[in-house]
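Structural features, examined
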Amino acid sequence: MLKLAVCVSGGGTNLQAIIDRIGDGTIQGARIVRVISNNPRAYALERAKQAGIEGVCVSPRQFETRDLFNQALLEALQAAEPDLIVLAGFLVAIPPAVIEAFRGRIINIHPALIPSFCGKGYYGLKVHERALERGVKVSGATVHFVDEGLDSGPIILQKAVEILDGDTAEVLQKRIMEQAEWIILPQAISLIAQGRVVIEGRTTRILPERR
Ligand code: GRF
């Protein structure tokens, strides 16, 4: 059984998608052991509670220094003994000590087709604002492993989403969530649970289904 720790900051719709796909059997061989939020008011914590999953808040505001927060985050993760950490809309720079402790075992969902519209400053609605400003005709989402860089780790899955006339950043954000994020994040977890994702340097290889 692949034990998941899911880190969240906000609404938690990606968390919900994972909970639902475990619930309906689309993801097999995985369960969420802990949800960690940096924001005590994140609705994601309520979703965890309703699903009977332990939710904990580790907020920078509870600590005098960033180092102390980073240490507490590491401890909250280690205490859950996860096999995989899923960053599902987690608006916190992952401390190097966490990456070191869980190398190759942290994944993130980014709401664009990496390497477009990613890196420093590309989070939340800003990603979609920049995509619309640039006038791209497709955007999408990417699930990737987390390394020391920003959105630079090996890509696991991507899904393209069309941009339509009249899109606002909010409308595009919602379409990308519905048509890409809520689909490929559970898919990536399912593939990892089946042992089908192999990291090869900067890339990944997805092994065929075992029959
Ligand atoms: C998603 O767009 C995710 O890609 C991004 O933050 C958003 C989180 O939404 N980085 P939710 O909390 O899962 O609803």
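Conventions adopted
Residues numbered from 1 in each chain as written. Predicted model: local features only at pLDDT ≥ 70, side-chain atom pairs only at ≥ 80, totals over all residues. Heavy atoms only, no water. Helix = DSSP H or I, 4+ residues; strand = E, 2+ residues; numbered from the N terminus. Rg over C-alpha atoms; globule rule 2.2 N^0.38 Å. Buried < 20%, exposed > 50% of the residue type's maximum accessible area, 1.4 Å probe, protein only. Contact = heavy atoms within 4.5 Å. Areas by Shrake-Rupley, 256 points an atom, 1.4 Å probe, with all protein chains shown as cover. Lys, Arg positive; Asp, Glu negative; His and termini not counted. Charge placed at Lys NZ, Arg CZ, Asp CG, Glu CD. Near = heavy atom within 4 Å. Polar contact = N/O pair within 3.5 Å; in protein donor to acceptor, adjacent residues only side chain to side chain. Pairing = 2+ DSSP bridges. Right-handed = clockwise from strand over helix to strand, strands pointing away. Salt bridge = Lys/Arg side-chain N within 4 Å of Asp/Glu carboxyl O. Arc of directions from axis to C-beta.

Okay, the overall build of the protein chain next. Each helix and strand counted, the protein chain has six helices and nine strands in total. The C-alpha atoms of the protein chain give 17 Å as radius of gyration, which agrees with the globular expectation for 211 residues (17 Å, within 12%). The dimensions of the protein chain, computed from C-alpha atoms along their principal axes, are 50 × 45 × 35 Å. Looking at the protein chain residue by residue over its 211 residues, the buried ones come to 47%. Within the protein chain, contacts between residues at least 6 apart in sequence are counted, and of these 62% link residues at least 24 apart. Working note: accessible area of the protein chain is about 10800 Å², and carbon and sulfur atoms make up 50% of it. Each charge sign in the protein chain was given a centre, from 24 positive and 23 negative side chains, and these centres are 2 Å apart.

With respect to spatial proximity, the complete set of residues near the ligand consists of Gly-10, Gly-11, Gly-12, Thr-13, Asn-14, Gly-89, Ile-109, Pro-111, Met-177 and Glu-181. Within the backbone of Asn-14, a nitrogen or oxygen atom sits 2.8 Å from an oxygen atom of the ligand. One of the side-chain N or O atoms of Glu-181 is found 2.7 Å from an oxygen atom in the ligand. Contact with the protein chains covers 86% of the free accessible surface of the ligand, which is 370 Å². Of all the secondary structure elements, the ones that give two or more residues to the shell around the ligand are helix 1 (13-23) and helix 6 (169-193).

What follows covers the pairing of strand 4 (residues 84-87). Both faces of strand 4 are covered, namely the face carrying Leu-84 and Val-86 and the face carrying Ile-85 and Leu-87. Relative to strand 4, strand 1 (residues 2-8) runs parallel, the two sharing four bridges. Directly across from Val-6, in strand 4, lies its bridge partner Val-86. Note: strand 4 against strand 5 (residues 106-110), three bridges, orientation parallel. When the bridges of strand 5 are listed, Ile-85 appears paired with Ile-106. For the crossover that starts at strand 4, traverses helix 4 (residues 96-101) and ends in the parallel strand 5, the hand is right-handed.

Applying the stated criterion across every chain yields a total of eight salt bridges. When the shortest N-O distance is used, the salt bridge between Arg-103 and Glu-100 registers 2.9 Å. Assessed through its relative accessible area of 43%, Arg-103 is described here as partly exposed.

In this structure, Pro-115 follows Ile-114 across a cis peptide bond, with omega equal to 15 degrees. Positioned with a positive phi, Glu-81 is a non-glycine residue whose angle comes to about 45 degrees. The topology assignment puts Glu-81 in the loop between helix 3 (66-80) and strand 4. Residue classification places Glu-81 among the exposed residues on the basis of a relative accessible area of 55%. Phi is positive for Phe-117, which is not a glycine, with a value near 50 degrees. With respect to the helices and strands, Phe-117 occurs in the loop between strand 5 and helix 5 (125-134). Owing to a relative accessible area of 14%, Phe-117 belongs among the buried residues under this scheme.

When you line up the elements, Asp-167 lands in the loop between strand 7 (155-162) and helix 6. Residue classification places Asp-167 among the buried residues on the basis of a relative accessible area of 13%. Of note is the side chain of Asp-167, whose polar atom sits 2.7 Å from the side chain of Arg-175. In contact with Asp-167, other than residues within four places in its own chain, are Leu-132, Glu-162, Leu-172 and Arg-175.

Okay, helix 2 (residues 43-50) next. Along helix 2, the positions that sit buried rather than exposed are Ala-44, Leu-45, Arg-47 and Ala-48. Each buried residue of helix 2 sits inside an arc of 155 degrees when the element is viewed along its axis, so together they form one side. Opposite the buried face of helix 2, at more than 90 degrees from it, the exposed residues are Lys-49 and Gln-50. If you follow the buried residues of helix 2, they end up packed against strand 1, helix 1, strand 2 (30-37) and strand 3 (55-57). A positive backbone phi angle near 75 degrees is found at Gly-52, which sits one or two residues after helix 2.

Geometric descriptors of this kind do not, in isolation, establish any biological role.
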